[in-house]
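Architecture at a glance
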Amino acid sequence: MLGSTLLAVSRNPLARKAVTALPPTRRVVDRFVAGEATADAVATVERLTRSGLMVTIDHLGEEVRDTDAAVTTTKAYVELLDALAPLGLGHRAEVSVKLSAVGQALDDSMALEHAREICEAALGAGATVTLDMEDHTTVDSTLGILRDLRADFSDVGVAIQAYLFRSEADCHDLRDSRVRLVKGAYREPASVAHQKKNDVDLAYVRCLKVLMAGTGHPMVATHDDRLISIAELLADRHERARDTYEYQMLYGIRTDKQQALANSGALVRVYVPYGDDWYGYFMRRLAERPANVAFFLRSLGGK
Ligand code: FDA
C-alpha cells in the first residue's frame, strides 16, 4: 500500500518539487546514488572494481520530452565511457540505459540512434550496454530497439521484469542473450502484471528456469536471498560455469551480501546510478522498502 502510494507520488511534479527542495534529502539520496558528476561515477567504479565487484552505471534521468535533453543524456554516456576507457576494465564495466532518457517518448528512431551512439562508445571502451526496462507500455518498443541494436552489437543486454505476465515468453525469445531478470519496480495494472509478492517471486523462478536452461548470460538482479539460492541451484543443475551468469544488486543495498558473493567466486555487478535527476530512482527505492522511508523521515528530523 505504502509502496504503491510512493510510486504514484513519484510521477507527481508537485511532490517532486517538494521532496527535492528538502535540504536533508541529499544525505539520504547519497546512500543510493554515487554522486552527480562523471568524476564521481568514475571514482565509485574504481573503488568497487578494486574490491572484486563489477559495475553497470546508470546516468540518472527518464521520460525526457524534448530532443535537447535526449542529446544531453547521450553525450553524458559518451563522456562517461570515454572516461572509463583508460581504466581497461573490459566487460567488468557496463552502462545501463533507460531508452526514455534518450528520446523513446518522442520517437523510437531517435532513441535507437542515441542508443547506437552509446553502444559505439561502449565498444571503444571495451564495455557492454544493457537496456533498463521501464513501464509496461514501453516493453514492445524497447525489445524492438534491442533487436535492431543486436544486429550490430550482439552483446547488448536487456532487463526483463518477472511481474509482467508476458515475461516468461520474452525470456524464451531471449534465452540466447544477456538478460537481466528483475522483479519489476513500476506500478502496473492487474491486467498486465502480478500484484502479489508471492506471485511475482514464483514468476521470477519460472523466468529464471528458462534463462538458466538457455545459452545466454542470465543476470540475476535481486537482493532476495531465496531467489539467489534458487539461481545457484539452477546453475548447478545446468552445469553452468560461474562466469556464464552473474548476480546484480543496487548501489548501497546489501553491500555485505554483494561482497560475500563476490568473495565466493561469483560474478557480482553493482548498479551504480549517478547524476542530478535522482528523484524517480530514489522514490522507487523508497517504495521497495518501508524501512527506507523510516530512514528518510528520521533524517528530516535531523537524526
Ligand atoms: P525484494 O524487494 O523482495 O527485496 C528482497 C530483500 O532485499 C529485502 O527484504 C531487503 O532486505 C532487500 N532490499 C530490496 N530492496 C531494497 C531497498 N530498496 N532498500 C533496502 N533493501 C532492499 N526494475 C525495473 O523495473 N527495471 C529495471 O531495469 C531494473 N533494473 C534493476 C537492476 C538491478 C541491478 C537491480 C538489483 C534491480 C533493478 N530493478 C529494475 C528493480 C527491481 O525490479 C526491484 O524493484 C528491486 O530489485 C527490489 O526487488 P528485489 O528483487 O531486490 O526483492
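Residues numbered from 1 in each chain as written. Predicted model: local features only at pLDDT ≥ 70, side-chain atom pairs only at ≥ 80, totals over all residues. Heavy atoms only, no water.

Looking up the chain in an unreviewed UniProt entry gives the name proline dehydrogenase, with the organism given as Herbidospora galbida. For the record of the chain, the UniProt heading Pathway (unreviewed entry) holds the text "Amino-acid degradation; L-proline degradation into L-glutamate; L-glutamate from L-proline: step 1/2." Under the Catalytic activity (unreviewed entry) heading, UniProt states for the chain: "L-proline + a quinone = (S)-1-pyrroline-5-carboxylate + a quinol + H(+)". (UniProt positions renumbered as here; feature names shortened; annotations may be inferred.)

Focus on the overall build of the chain
Helix and strand counts for the chain stand at 13 helices and 8 strands. The C-alpha atoms of the chain give a radius of gyration of 18 Å, which matches the 19 Å a tight globule of 303 residues would have. Viewed in the frame of its principal axes, the chain has a C-alpha envelope of about 50 × 40 × 40 Å. Relative to its 303 residues, the chain shows a buried fraction of 53%. Accessible surface, the chain: about 13400 Å² in total, of which carbon and sulfur atoms supply 54%. Looking at the chain, you have 37 positive and 42 negative side-chain charges, and the mean spots of the two groups are 8 Å apart. (Helix = DSSP H or I, 4+ residues; strand = E, 2+ residues; numbered from the N terminus. Rg over C-alpha atoms; globule rule 2.2 N^0.38 Å. Buried < 20%, exposed > 50% of the residue type's maximum accessible area, 1.4 Å probe, protein only. Areas by Shrake-Rupley, 256 points an atom, 1.4 Å probe, with all protein chains shown as cover. Lys, Arg positive; Asp, Glu negative; His and termini not counted. Charge placed at Lys NZ, Arg CZ, Asp CG, Glu CD.)

Some points on the nonpolar core
Soluble globular proteins: nonpolar side chains tend toward being buried together. L81, I160 and L181 are the most contacted members of the largest nonpolar core, which totals 75 residues. Beyond its immediate chain neighbours, meaning those up to four positions away, I160 contacts M133, L143, S167, D170, C171, L174, V179, R180, L181 and V182. Counting 21 residues, the second largest nonpolar core, distinct from the first, contains F32, L60, I253 and F282. (Core = buried A, V, L, I, M, F, W, Y, C linked by side-chain atoms within 4.5 Å. Contact = heavy atoms within 4.5 Å.)

Some thoughts on helix 6 (residues 108-125)
Spanning 18 residues, helix 6 covers 26 Å between terminal C-alpha atoms, matching the ideal 26 Å at 1.5 Å per step. Those residues of helix 6 not exposed but buried are M110, A111, L112, H114, A115, I118, C119, A121, A122 and A125. Where helix 6 ends, the next residue or the one after it, G126, has phi of about 75°, a positive value. (Expected span 1.5 Å × (residues − 1).)

Examining the site of the ligand
Surveying the vicinity of the ligand reveals 24 residues, the closest of which are K183, G184, T222, E288 and N292. R180 is positioned such that a nitrogen or oxygen atom in its side chain is 3.2 Å from a nitrogen atom of the ligand. In the complex, the protein chains occlude 87% of the 930 Å² of accessible area that the ligand would expose alone. At the level of elements, strand 4 (157-161), strand 5 (178-182), strand 7 (246-250) and helix 12 (279-288) are the ones that each hand at least two residues to the shell around the ligand. Top element by residues in the shell around the ligand is strand 7. It accounts for 3 residues. (Near = heavy atom within 4 Å. Polar contact = N/O pair within 3.5 Å; in protein donor to acceptor, adjacent residues only side chain to side chain.)

A word on the packing of helix 5 (residues 67-84) against helix 6
Packed helices, taken two at a time, are described by their axes: the angle between them and the distance between them. At a minimum axis distance of 9 Å, the contact between helix 5 and helix 6 shows a crossing angle of 10°. By the angle between their axes, helix 5 is roughly parallel relative to helix 6. Side by side, helix 5 and helix 6 meet where T67, A70, V71, T74, Y77, V78 and L81 of the first sit next to M110, H114, E117, I118, A121, A122 and A125 of the second. (Axes fitted to C-alpha atoms, helices over the stretch in contact; angles between N-to-C directions. Parallel < 35°, antiparallel > 145°, perpendicular 65-115°, else oblique.)

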